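Chains, contacts and geometry: an overview
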Amino acid sequence: MTAECRVKGLKRLVCIEYPGVVDSVPAMMSTLSGISGVESTLNNPNERLELRYPHEERNVTIDSDGDRIADYALLDQTDPESGCDALLRCDTSTKQILNPVVMRYFGATNQYVGVAHIHWPNGNKPRDIPECGFDGDLCPELPFWDILTASLLTILVKVKLESALTNMSWRVRWEDITFPDNMSHKGMEPEWSLSIDWSPKTNSQILTGFYKGNLVAIKRLPQKRIELTRDLLLELKVMRETSHENLVRFNGCCIDGTVAILSEFCAKGSLRDLLANTSLNLDWLFRYSLINDIISGMCYLHNSEHVYHGRLKSSNCLVDSRFCVKLTDFGLRKFKALAGYQTTGESELIIPENSSTINLKAKCRVDSLCEFNVGLLYIAPELLCKSQCMDPKKCKFQDYINGYYGTQKADIYREQPFFPHYMNMETKDIIKEVKSSNLRPCVPIDSCDERMHSLMKNCWSSELDMRPDFNSMKHEIRGIMKSMGVGGISAAQSTLTENLLARMEQYANELESIVECRTAELAEEKKRTEELLYQILPKPVADQLKSGQMFEPNFYDSVTIYFSDIVGFTSMCSQSTPMQVVDFLNDLYTCFDTIIGSYDVYKVETIGDAYMVVSGLPERNGIEHARQIAKMSLKIRDNVQNFVIRHKPNEKLQLRIGIHTGPTVAGVVGNIRPRFCLFGDAVNTASRMESNGEPLKIHISPSTKTVLDLFGTFALEPRGDIPIKGKGTMKTYWLIEEKLIN
Ligand SMILES: Nc1nc2c(ncn2[C@@H]2O[C@H](COP(=O)(O)OP(=O)(O)OP(=O)(O)O)[C@@H](O)[C@H]2O)c(=O)[nH]1
Ligand SMILES: [Mg+2]
């Protein structure tokens, strides 16, 4: 049986045929002890001992120091099928190496014997001696001036570095930041702004303020003070010098009294918010643009002094007002650690196996809502298991997997990693499965381009060598974008500028439809509010108040006012439960409200069992008010005669009605819960008409009779002279019916 033995990291390999001590020592022993079968020769003057094995072709030669003079064979390691390098092929049963020998070297005779053609890497034979010799003596010595220039340059670089370190332009005084309502933060909590302006679903909150006229995002850290060290100054220098269109700009730090990091504010929130906003349609052009931005930012970081990001996840991919993704929360690792910053990120993957549960539990009460746990979903599995992320290379890998595990999957799916397919699992269980059983996010093959799918899968491969780096991802993604002409855009169009323009155009369209939709919702809401307002105030009054004007009290020289009241209501209340009374009044007033809807009247108010209606205001109607109120009263009286009290079906409702016509003033009183009220003696008189009336009869004043007589359609009956409190004697009438006119 043959097997292929992969040898890592070697292009061509020299293999030594090495029988080893195990072979040679017994042979020597047997020679010295004169055991037959093994021949030995002592080759003077070379003083070499040669051992010859029976039935074997190979000799073992040992020099005067007792060292074995070895033979070597050069093997060709080119795989005959794939043409790949660094393959050692063995027959596992015989343990024989199968690679063809291309050259042999015999140590005893110091001879090279070519056996076959040698395939040198790139077809070139390597040099025997390095260009400048093994000691550098083959190259001319540097002239004095060159050495001087080099030294001066080194000194200059050092001086520049030192001055860069002492440059404190990054330092911000907390008092110099102004908070949104133009108040200094001293002694008061600043406003937390909702980070996204068009998504009601966002949960991103970041402290914002103005520094030197710029709106900045402020990340406050737990410590109150940070002592500056050289390491921190180096970190701050790197941050100051970081500049890329896909990274947020660093604005500075506060280190005294309050420790905070200030960075460029991105208006549209994070990628997480963007994806959560389901009203925004993300087509493939848009998605690839977002991915492309992330990858560009990551490429810069990986090729810069930052080396890696370490906290790559969708909440750290911010979206600016031009829909360009900018990465945040990179760098300043030592600064953040000293300032006690502990959330998910490279330092938080440091969850020693035994203490992880305690940490997690302490941090989150509700697992599924726990940011800390959710953050772990973005972390590479091998780093979840390991305790430290000290090796930058490893952390780079974490970035790769973060980028695809979380961010890119999120781009495609608008979901957190592992959702929705593992929705029923608790986050901590998912993390456990990732650690123990190689669980990976589930992405259906047809959810995206095939190349994208395999790129994503490679990113979370458990073989680290399989994971692509960001530079190759950049090429791959650009290739996919170009060849696909995503979103109906042709390859030629997919330059970045056109991409951006298309993105803006799409956003404008989206925005238009969102605005349209919101406007319709607003109109609907306005209508509902208006209807509610018209139920509380007369329409002309409400309209006037709505337009911001005051409703001045108005004098009306003639209106008709109606009052009604239930006889024995108080005793009825004492015999009924409050709910029964409420049900009863509700039934009665629903009946009244339905009736008055057919007349030109306005219901002023109800006070307990009293019901007050007026006609002739706020819009004047000549003398029609008396007729409208009279007709309405007759209708109410007739309905009351047949009204059934729900909890006392056998009792008859005893309703008294009183009407009066006269001058009145109407106005709105109060600023809070404004009420439309009537003032004047006419109101009292109408009320007296009701209180001096009789059940199921309509008691009217002489002034109402006078107006009703003008119509000549109402049958009235004199009641006689009645003493009315505060008025003396009044000649009043009963309204009997409306006469039918042929
Ligand atoms: N709109 C807007 N939101 C921001 C900005 N910076 C951060 N945020 C959001 O504010 C929220 C809190 O941010 P962080 O305190 O950094 O927390 P995090 O990003 O969830 O986690 P870590 O970065 O690992 O600490 C996140 O949802 C961010 O997306 C910004 O400049 N603009
Ligand atoms: Mg963040």
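Residues numbered from 1 in each chain as written. Chains lettered and ligands numbered in written order. Predicted model: local features only at pLDDT ≥ 70, side-chain atom pairs only at ≥ 80, totals over all residues. Heavy atoms only, no water.

Now for the overall build of the protein. Helices and strands together make up the secondary structure of the protein, namely 20 helices and 28 strands. Counting only residues that meet the buried cut, the protein has 43% of its 742 residues in that class. Surface accessibility of the protein: about 40,700 Å² in total, with carbon and sulfur atoms responsible for 54%. (Helix = DSSP H or I, 4+ residues; strand = E, 2+ residues; numbered from the N terminus. Buried < 20%, exposed > 50% of the residue type's maximum accessible area, 1.4 Å probe, protein only. Areas by Shrake-Rupley, 256 points an atom, 1.4 Å probe, with all protein chains shown as cover.)

Let us look at the nonpolar core. In this structure, Phe-250, Cys-253, Ile-294, Leu-327, Leu-332, Phe-335 and Ile-477 are the most contacted members of the largest nonpolar core, which totals 54 residues. Looking at which element gives the most residues to this core, the answer is helix α5 (residues 284–302), with nine residues. Setting aside chain neighbours within four positions, we find Leu-332 in contact with Glu-235, Leu-236, Met-239, Phe-250, Cys-253 and Ile-261. (Core = buried A, V, L, I, M, F, W, Y, C linked by side-chain atoms within 4.5 Å. Contact = heavy atoms within 4.5 Å.)

Under the defined criterion, the tally for this structure stands at nine aromatic pairs. With centroids separated by 5.5 Å and ring planes inclined at 50°, the aromatic side chains of Trp-174 and Phe-179 adopt a geometry described as tilted. Here the two residues Trp-174 and Phe-179 agree in accessibility, since each one is buried. Among the aromatic residues, those joined into a cluster by ring pairs are Tyr-72, Tyr-105 and Tyr-112. A cation over an aromatic ring shows up here: Lys-697 above the ring of Trp-734, its NZ or CZ 4.7 Å from the ring centre. (Phe/Tyr/Trp six-rings, centres within 6.5 Å; stacked < 30°, edge-to-face > 60°. Lys NZ or Arg CZ within 6 Å of the ring centre and 35° of its normal.)

Turning next to a nonpolar patch on the surface. Where nonpolar side chains cluster on the molecular surface, the patch consists of Phe-144, Trp-145, Leu-148, Leu-152, Ile-155 and Val-159 and spans about 660 Å² of accessible area. When you line up the elements, Phe-144 lands in helix α2 (residues 144–166). Its relative accessible area of 56% is what places Phe-144 among the exposed residues. (Patch = residues over 30% accessible without salt bridge, like charges linked within 9 Å, V, L, I, M, F, W, Y side chains within 5 Å. Salt bridge = Lys/Arg side-chain N within 4 Å of Asp/Glu carboxyl O.)

We now examine the confidence of the model for the protein. Detailed reading of the predicted coordinates is not advisable wherever pLDDT is low. Mean pLDDT for the protein: 75, with 73% of residues reaching 70 or above. Counting contacts from residues 1–22, a segment whose pLDDT is below 50, to residues more than four positions away or on other chains yields 50 contacts. Contacts from residues 486–495, a stretch scored under 50 in pLDDT, to residues over four places away or in other chains number 16 contacts. The complex model carries a pTM of 0.48, and its ipTM stands at 0.97. (pLDDT = per-residue confidence, 0-100.)

Turning our attention to the pairing of strand β16 (residues 214–221). Two strands pair when backbone bridges link them, and strand β15 (residues 205–211) and β16 are joined in this way by five bridges, in the antiparallel orientation. Within β16, the position partnered with Tyr-211 by the bridge is Asn-214. Here β15 folds back onto β16, and the loop between the two strands holds two residues, one of which, Lys-212, carries a positive phi near 50°. Here β16 pairs with strand β18 (residues 259–264) via six bridges, running antiparallel. Counted as the bridge partner of Leu-221 is Val-259 from β18. (Pairing = 2+ DSSP bridges.)

Scanning the entire structure with this criterion turns up 27 salt bridges. Between Asp-709 and Lys-705 there is a salt bridge, and its shortest N-O distance comes to 2.4 Å. With Asp-709 and Lys-705 both in helix α20 (residues 702–711) and four residues apart, the pair spans about one turn of that helix. On the basis of relative accessibility, which here comes to 37%, the residue Asp-709 falls in the partly exposed class. On the accessibility criterion, Lys-705 (21% relative accessible area) is partly exposed. Taken together, the shared-partner salt bridges connect Arg-171, Arg-225 and Asp-256 into one network.

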